[in-house]
Amino acid sequence: MTDTEETQSAANTTSITSTTPNDKDAAKICVLLNATGNVPIIKKRTWTVDPNKTVSWIQKFIHKYLKLDQNEQIFLYVNQTFAPAPDQIIKNLYDCHGTNGKLVLYYCKNQAWG
Amino acid sequence: MAHDREVLRMIWEGQIGICFQADSDEIVGIKPEPFYLMVSRLSYLPLVTDKVRKYFTRYIAAEHQEGAVWFDFNGTPLRLHYPIGVLYDLLHPDEDSTPWCITIHFSKFPEESLVKLNTKELLESHFLSCLKEADVLKHRGLVISAMQKKDHNQLWLGLINEKFDQFWAVNRRLMEPYSDQESFKNIPVRFYNDDDFTYMQKLISPLSESGQKKNLSDLMAELSTPVRKAVGFRTHGIDLHEETQLQWMSEHLSYPDNFLHLSVDYKSI
């Protein structure tokens, strides 16, 4: 994914890429979003995310992006293994579970891996 | 495997005296007396407060009685999915003999600052996720995924019913290095800084590059930066000796969620 593509696809929706100018402290984290089960697919799979964003922030982002109903829920899993706590930050997950420079997350509308 | 069973016992039996107070804005009529309770350090607030909730309900305005219960200490909302011992050590670090006074609320759940893991079912699935993550770090997830649903249930029931033998009969398997290894792959650990609930998590190997077992002074060096130095660690209300080995700590001082929850003291350089 290049930066250009990112800007284009982010143009008509809320950007997951933080644009805060004073965010100098840490590099952004590359997150790979995979759909699983009966959930619409987000075409753009690779995103860059501010390391201090939380899991629930990503859940809200996906919810909004897919224009889901209020009563629908997004579940997130790390590497198809466990569901991180909603207040866990992306940096912690990446530092412990990132592979090849990416944090791989799976999202679905029903509980998948318990 | 965990050999020092007495240590496991002592950690398991750690308790905190809590004095629960009502939120005066929610009370109708006479202000109730506080409710005192000894609770396990290893448990979670929603698991030990059924009686407290019941006691205060009759003093609360009818429209709030069924509300989502939450707690605060001096205005700080208490995270419902953190072990009680972790909350206490972060907010009440100077050990004294007086009970910890916290306020119970039945309304205005602070959804922005507090994750709503307020029922036993939600906590159970959170707890199991923590165990899975810890096992991914220790054994690439191989031990927990080889367990059956009934083993997972036994861990949860052992915790909520405070049955040491029931819990450890299964947890023992999670606390052994995998097959022919001498230690875990990585140590599941969360580092807290005194004034803050957010924790830092990173990969911490129990072994140094030369294959030696690492201890807390090695960990201090690992966490120190050019501007600040890690100078001490605390968990379960205990100041830890710097020669304590990380592998031993993980096996003996982890909370039931299989993570070490360490408060780190830093000194500016």
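Procedures and definitions
Residues numbered from 1 in each chain as written. Chains lettered and ligands numbered in written order. Predicted model: local features only at pLDDT ≥ 70, side-chain atom pairs only at ≥ 80, totals over all residues. Helix = DSSP H or I, 4+ residues; strand = E, 2+ residues; numbered from the N terminus. Buried ≥ 20, exposed ≤ 12 C-beta atoms within 10 Å, placed from the backbone. Contact = placed C-beta atoms within 7 Å. Rg over C-alpha atoms; globule rule 2.2 N^0.38 Å. Domains from an automatic or database assignment. Nonpolar A, V, L, I, M, F, W, Y, C, P; charged D, E, K, R; others polar. UniProt positions renumbered as here; feature names shortened; annotations may be inferred. Pairing = 2+ DSSP bridges. Axes fitted to C-alpha atoms, helices over the stretch in contact; angles between N-to-C directions. Core = buried A, V, L, I, M, F, W, Y, C linked by C-beta atoms within 7 Å. pLDDT = per-residue confidence, 0-100.

**A short note on the overall build of chain A**
Looking only at helices and strands, chain A features three helices and four strands. Helices and strands in chain A line up, N terminus first, as α-β-β-α-β-α-β. Of all 114 residues assigned to chain A, the portion counted as buried reaches 25%. Of all intrachain contacts in chain A linking residues separated by at least 6 positions in sequence, the fraction that spans at least 24 positions is 67%.

**Focus: the overall build of chain B**
Helix and strand counts for chain B stand at 10 helices and 10 strands. For 269 residues, the compact-globule estimate of 2.2 N^0.38 gives 18 Å, and the C-alpha radius of gyration of chain B, at 20 Å, lies within 12% of that figure. A principal-axis box enclosing the C-alpha atoms of chain B has dimensions of 70 × 50 × 35 Å. A total of 269 residues make up chain B; the buried ones form 33% of that total. Expressed as a percentage of contacts within chain B between residues at least 6 apart in sequence, the contacts between residues at least 24 apart total 74%.

**What to know about the domain arrangement of chain B**
Interface size is commonly expressed as the accessible surface area that is lost when the partners come together. Residue and element names in this part refer to chain B. Split into domains, chain B comes out as domain 1 (10-105) and domain 2 (121-268). Distance from the C-alpha centre of domain 1 to the C-alpha centre of domain 2: 26 Å. Counting from both sides, the interface comprises 18 residues of domain 1 and, opposite them, 16 residues of domain 2. When grouped by side-chain class, the residues that make up the side of domain 1 that touches domain 2 number 10 nonpolar, four polar and four charged.

**Thoughts on the UniProt feature "domain: Autophagy protein ATG5 alpha-helical bundle region" (unreviewed entry) in chain B**
Annotation from UniProt places "domain: Autophagy protein ATG5 alpha-helical bundle region" (unreviewed entry) at residues 121-176 of chain B. With 84% helix and 0% strand, the stretch residues 121-176 of chain B has end C-alpha atoms that lie 28 Å from each other.

**Digging into the sheet that holds strand 1 (residues 15-22) of chain B**
All names here are of chain B. The five strands lie next to each other as 2-1-5-3-4, forming an open sheet whose pairing is mixed. The open sheet is flanked by strand 2 (35-40) and strand 4 (76-77), the only strands paired with a single partner. The pairing of strand 3 (residues 70-73) with strand 5 (residues 100-105) spans three bridges and is classified as antiparallel. Its bridge partner being in strand 5, F71 is matched across the sheet by I104. Here helix 3 (residues 50-57) sits on the sheet in contact with strand 1, strand 2 and strand 5, set at roughly 165° to strand 2.

**Description of the interface of chain A and chain B**
Counting residues at the interface gives 11 residues for chain A and 15 residues for chain B. The residue inventory of the side of chain A that touches chain B, partitioned by class, reads six nonpolar, three polar and two charged.

**With respect to the nonpolar core**
Counting 73 residues, the largest nonpolar core has V31, L76, Y77, I90, L103 and L105 of chain A together with I104 of chain B as its most contacted members. Top element by residues in this core is helix 5 (residues 120-139) of chain B. It accounts for seven residues. Once you skip the residues sitting within four places of it in the chain, L105 of chain A turns out to touch V31, L32, L33, N34, L76, Y77 and V78 of chain A.

**Focus on the pairing of strand 1 (residues 29-35) of chain A**
All names here are of chain A. Where strand 1 meets strand 2 (residues 46-49), four bridges bridge the pair, whose relative direction is antiparallel. Paired with I29 across the two strands is V49, which belongs to strand 2. In this structure, strand 1 lies alongside strand 4 (residues 103-108), joined through five bridges in parallel fashion. In the strand pairing of strand 4, V31 is matched with L103.

**Quick look at the confidence of the model for chain B**
Here chain B averages 94 in pLDDT, and 97% of its residues register 70 or above. Reported confidence for the predicted complex is 0.92 by ipTM and 0.90 by pTM.

**Remarks on the environment of H63 of chain A**
Residue and element names in this part refer to chain A. Topologically, H63 is positioned in helix 2 (residues 55-65). On the neighbour-count criterion, H63 (17 C-beta atoms within 10 Å) is partly exposed. Separated by 29 residues in the primary sequence, H63 and N92 have C-alpha atoms spaced 22 Å apart.

**Description of unusual backbone geometry**
Phi is positive for N79 of chain A, which is not a glycine, with a value near 45°. Tracing the backbone through its elements, the reader meets N79 of chain A in the loop between strand 3 (75-78) and helix 3 (90-97). Of note in the backbone geometry, K108 of chain B takes a positive phi value of approximately 55° without being a glycine. If you trace the backbone, K108 of chain B turns up in the loop between strand 5 and helix 5. Of the residues examined, K108 of chain B has 13 C-beta atoms within 10 Å and is grouped as partly exposed.

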